[in-house]
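Structure at a glance
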Amino acid sequence: MLSAEPPTRYTLFMSAAPQKTFYVETFGCQMNVHDSEKVIGTLVHEGYSQVQTVEQADLILYNTCSIRDKAEQKVFHRLADYKKLLAQGKKFGVLGCVAQQEGEKIFERAPHVSLVCGSASYRNLPQMLVQIEAGKRATGLDDRETDECFETEFTARTNPHRGYITIIEGCDKFCAYCVVPFTRGKERSRTSESVLAEARQMVDLGYSEIQLLGQNVNSYRDRAGKRSFAELLTAVGEIPGIKRVRFTTSHPRDFGRDIVEAIDAVPTLCDHVHLPVQSGSTRVLDAMQRLYTREQYLERIAWMKAAKRELSITTDVIVGFPGETEADFAETLSLLAEVGYDSIFTFKYSPRPNTPSLALDDAIPEQEKSRRLEVLMAKQKEIQIIRYRKYIGTRAEVMVEGRNEARKQWIGRTSQNKTLNFSAPEGAEPKVGSYVPVSITASFPNSLLGEMVI
Ligand code: 5AD
Ligand code: SF4
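Residues numbered from 1 in each chain as written. Chains lettered and ligands numbered in written order. Predicted model: local features only at pLDDT ≥ 70, side-chain atom pairs only at ≥ 80, totals over all residues. Heavy atoms only, no water.

So, on to the sheet that holds strand β17 (residues 419-423). Strand pairing in a sheet takes place through backbone hydrogen bonds and is either antiparallel or parallel in direction. Pairing in this closed barrel of five strands is mixed, and the strands run β15-β16-β17-β19-β18 around the ring. Averaged over neighbouring strand pairs, the angle between their axes works out to 50 degrees when direction is ignored. (Pairing = 2+ DSSP bridges. Helix = DSSP H or I, 4+ residues; strand = E, 2+ residues; numbered from the N terminus. Axes fitted to C-alpha atoms, helices over the stretch in contact; angles between N-to-C directions.)

Shown next, in the form of structure tokens:
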């Protein structure tokens, strides 16, 4: 059984004894956010209750990210900030990518920590909790050994309308800059049957939007050999009651045309693909070990542009990878214009432990990386202003996500994953989680504005 409202459900486990409490803070990507939902559910099942401040908690957990140096440093700052709380008998645990990457070194750097556990070991959390309660230290550092996924029926999803489902864990791609294959272990897919069962349970609980998650969803291989990724997408999209299906993240090398064909055939599959390119220069892509050329990437974009519905395309770009010249960077800029992205996430290259590119000379000065980042963002802003403007005068269906009281506006999201804020006439206020048509009246670089159609 899955739960939309964990606190109510778990009253079952309350006993006369005072409950152990935990606080969890999550850094990083959607995978981490969703892992935390699973960890929270597991802890609640083990008799803990979640609290919202470190002061109230017996156990303080950080679910960490190590994708870039800054993300990693945040964790150690947090641990240092709260060291004094140890005197009050509190216990600390480091979960996620920094835990896997640093392992037992964390105990040396932060001796007040008693639990260090990477994502590939979460299924052993109940045993580790017993150990730390007995005053011992516990580690879960399965590295690239495990073949198992962390599946639990106790996931404590916070949003009652849209939720994540992990379909594949780990990564076997080994891009030169990327720490993920080292922190999340080898690639392992769930069976499509267990994914579909979870999706159906979510629908029964009132969910209408599902986002399928994985470091590289395109390399999904059904363990039971029944469905390809495109077939899984189709099957999830065809579950009665599902209104929207999204997926993230994709790798261009494994992105097949069958995905676009599935989007064409199944109306619930959203009009949006996030396809990280990283660089527009084939030379840099080669150094990054991305396994595709600029031309091959553009071929996939051409498939998407030929789709029956207009698909929104978004991407990730890294600037300042070792050896990236001005000419390489100019190719990235020209790629932005050629594709016409609806949004991009931009990053300065950050050398990471264990990764192949650590051996390369990170010779591009920080200042130059910052300059390239700014140029890239300015270029993308120009592109987005034009792209968003063309929606003025059109209509889109939004899922209502909330209300901005200060602006007296409702917050909606389109199938293309764009934010569309809108007004609704008095007496016709929409419900959060419902889907309503909105007529678009104005555009901004990152959002649209409109009026609900009644
Ligand atoms: N330095 C900078 N950016 C990185 N990313 C991954 N690793 C690094 C790194 N070492 C970016 C990539 C990826 C996104 C999630 O983070 O663009 O797609
Ligand atoms: Fe960060 Fe990558 Fe780990 Fe996600 S998988 S938490 S982005 S290091």
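Moving on from the model shown.
On to the confidence of the model for the protein, then. Looking at the protein as a whole, its pLDDT mean stands at 93, while 96% of the residues score no less than 70. In the predicted structure, residues 1-16 sits below a pLDDT of 50 and forms 31 contacts with residues beyond four places in sequence or in another chain. (pLDDT = per-residue confidence, 0-100. Contact = heavy atoms within 4.5 Å.)

A separate point is the site of ligand 2. Around ligand 2, the neighbouring residues are Cys 29, Asn 32, Thr 64, Cys 65, Ser 66, Ile 67, Cys 97, Val 180, Arg 184 and Gln 215. Residue composition of the shell around ligand 2, by class: five nonpolar, four polar and one charged. Residue-level mapping places the shell around ligand 2 at the junction of two domains, with at least three residues from each of domain 1 (4-140) and domain 2 (162-387). (Near = heavy atom within 4 Å. Nonpolar A, V, L, I, M, F, W, Y, C, P; charged D, E, K, R; others polar. Domains from an automatic or database assignment.)

What follows is about the pairing of strand β5 (residues 113-117). Looking along a regular strand, one sees the side chains alternate between the two faces of the sheet. Across the five residues that make up β5, a large majority, five, are buried. Bridging between strand β4 (residues 91-95) and β5 involves four bridges; their strand directions are parallel. Looking across to β5, one finds that Val 94 is bridged to Val 116. In the sheet, β5 pairs with strand β6 (residues 138-140) via three bridges, with the strands oriented parallel. Bridge pairing in β6 links Leu 115 to Ala 138. (Buried < 20%, exposed > 50% of the residue type's maximum accessible area, 1.4 Å probe, protein only.)

So, on to the pairing of strand β7 (residues 162-166). The buried fraction of β7 amounts to four of the five residues, a majority that puts the element mostly inside the structure. Here five bridges tie β7 to strand β10 (residues 209-213), and the two strands are oriented parallel to one another. Bridged to Tyr 164 within β10 is Gln 211.

Bringing the pattern of salt bridges into the picture now. A complete count under the given rule lists 36 salt bridges for this structure. The salt bridge involving Lys 390 is made with Glu 310; its shortest N-O contact spans 2.9 Å. Remark: Glu 310 occurs in the loop between α12 (294-305) and β13 (312-319) and Lys 390 occurs in the loop between α14 (366-389) and β15 (395-404); sequence separation between them is 80 residues. Taking relative accessible area as the criterion, Lys 390 reaches 43% and is therefore assigned partly exposed. Residues joined by salt bridges that share partners form a network here, namely Glu 310, Asp 342, Arg 387, Lys 390 and Lys 418. (Salt bridge = Lys/Arg side-chain N within 4 Å of Asp/Glu carboxyl O.)

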